[in-house]
Amino acid sequence: NVIIYVYRPYPYRMFVGLGTLINITTIIGGAAIGVLVGTRMLARTRLLITEVLGLITILGAVSALAPMWSDRYINSIPKGWTLLAILGSLLIGGGIGSALSLESKLEGLGEKLRVKFGAKKESTFIEGFVSASLLFAIGPLAILGSISDGMSTGIDQLLLKSSLDFFAAMAFATSLGWGVAVSALPVGIYQGVWTVIGFGLGEILEGYQIDAMTVVGGIMLICIALKLLNIKSVAVGNLLPALAIAPIFALLVHSI
């Protein structure tokens, strides 16, 4: 008998959390480029860019709302509850956020960071920090990508998100300044938590639960767009708990 040894190189395994680290780097890098370019722009040009971002954010919201009409979500939620599940999540989450004054605490954190980074009070530091933090954290890629990273099944989704966030951070920072770069901090913490969950528990959410969370995030993106377009200022920070409530509420409704 002849024994043939075949050399197979040991597969290279990237360390857990690499996807989020890349994402943080792209946000900071994109924001830095945006700030450098933004200082050479006229005020009316920066205003126009902000309004364009508002319109683009609406497109992102439309994409996030799409799962509302997907077969997976509709078939998992009892008839008549598909919209009520989202409404209930927003009402409960909004009530919790209002009781905890999350919007005020986010603004307070932004103010402390503004002072630390030496930004002027009349600057758009806080707006950039809050808006960018919510925009970069909301969406299925942040959750699914982080869980996949934690399970060591790949970082493709976070690489895609990083590419999108790089250009979004660049565009935001031209008008909203360094607050956009600092948003990488809460984004890193948020995605880091999901990465730990993925590492320890694996897949913990069903597809329809992800859909419910994504739709809630889409509605929050609409609120951000309205603020960027100076149409209506909504305390989006107070709605953040709805992202956590949505999959739980969807599970309860699914069990009916």
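Below is a short write-up of the structure. (Residues numbered from 1 in each chain as written. Predicted model: local features only at pLDDT ≥ 70, side-chain atom pairs only at ≥ 80, totals over all residues. Heavy atoms only, no water.)

Side chains of Trp81, Leu84, Leu87, Leu91 and Ile256 sit close together on the surface and give an oily, nonpolar patch of about 510 Å² of accessible area. The residue leucine 84 is located in helix α4 (residues 82-100) in this model. (Patch = residues over 30% accessible without salt bridge, like charges linked within 9 Å, V, L, I, M, F, W, Y side chains within 5 Å. Areas by Shrake-Rupley, 256 points an atom, 1.4 Å probe, with all protein chains shown as cover. Salt bridge = Lys/Arg side-chain N within 4 Å of Asp/Glu carboxyl O. Helix = DSSP H or I, 4+ residues; strand = E, 2+ residues; numbered from the N terminus.)

This part takes up the environment of serine 146. You can see serine 146 is positioned in helix α7 (residues 140-150). By relative accessible area, which is 0% here, serine 146 ends up buried. On a C-alpha basis, the gap between serine 146 and threonine 20 in space is 7.1 Å, while along the polypeptide they are 126 residues apart. For serine 146, the residues in contact, after removing those within four places along its chain, are Thr20, Leu141, Leu158, Gln191, Trp194 and Thr195. Within the structure, serine 146 has its side chain in polar contact with the backbone oxygen of alanine 142 (distance 2.5 Å). (Buried < 20%, exposed > 50% of the residue type's maximum accessible area, 1.4 Å probe, protein only. Contact = heavy atoms within 4.5 Å. Polar contact = N/O pair within 3.5 Å; in protein donor to acceptor, adjacent residues only side chain to side chain.)

Interaxial distance between helix α2 (residues 43-65) and helix α11 (residues 207-228) falls to 8 Å at its minimum, and their mutual angle equals 165°. As summarised for this structure, α2 and α11 are arranged roughly antiparallel, according to the angle between their axes. Where α2 crosses over α11, the two elements pack in a sense that is left-handed. Listed contacts from α11 to Thr50, Leu53, Gly54, Thr57, Ile58, Gly60, Ala61, Ala64 and Leu65 of α2 are Thr214, Val215, Gly218, Ile219, Leu221, Ile222, Ile224, Ala225 and Leu228. Tallied by class, residues from the contact of α2 with α11 come to 12 nonpolar, 6 polar and no charged. (Axes fitted to C-alpha atoms, helices over the stretch in contact; angles between N-to-C directions. Parallel < 35°, antiparallel > 145°, perpendicular 65-115°, else oblique. Left-handed = near helix turned anticlockwise from the far one by under 90°. Nonpolar A, V, L, I, M, F, W, Y, C, P; charged D, E, K, R; others polar.)

What follows is about the pattern of salt bridges. Tallied over the entire structure, the rule returns 2 salt bridges. Here aspartate 211 makes a salt bridge to arginine 72, at a shortest N to O gap of 2.7 Å. Residue aspartate 211 is located in helix α11, and its partner arginine 72 is located in helix α3 (residues 71-76); the two are separated by 139 residues in the primary sequence. Here arginine 72 falls in the partly exposed class, since its relative accessible area comes to 47%. Salt-bridge contacts for aspartate 165 lead to lysine 161; the nearest nitrogen and oxygen are separated by 2.6 Å.

Turning to unusual backbone geometry, a few remarks are in order. If you check the backbone angles, serine 101 has positive phi at about 55° while not being a glycine. Checked against the element boundaries, serine 101 lands in the loop between α4 and α5 (102-117). Note on serine 101: relative accessible area 32%, which makes it partly exposed. Of note, asparagine 230 is a non-glycine position whose phi angle comes to about 55°, a positive value. Among the residues examined, asparagine 230 registers a relative accessible area of 62% and is labelled exposed.

Applying the stated rule across the entire model yields 2 cavities of 30 Å³ or more. When its volume is computed, the largest cavity comes out at roughly 50 Å³. Lining the largest cavity, in full, are Glu103, Val130, Ser131, Leu134, Ile224, Lys227, Val234 and Val236. Breaking the lining of the largest cavity down by element, the ones donating at least two residues are α6 (125-137) and α11. For the lining of the largest cavity, the per-class residue count stands at 5 nonpolar, 1 polar and 2 charged. (1 Å grid on protein atoms, 1.4 Å probe; cavity = no way out; pocket = protein on both sides within 12 Å on 5 of 7 lines; lining within 4 Å. Points joined across faces, edges and corners; volume = space filled by probe spheres on them.)

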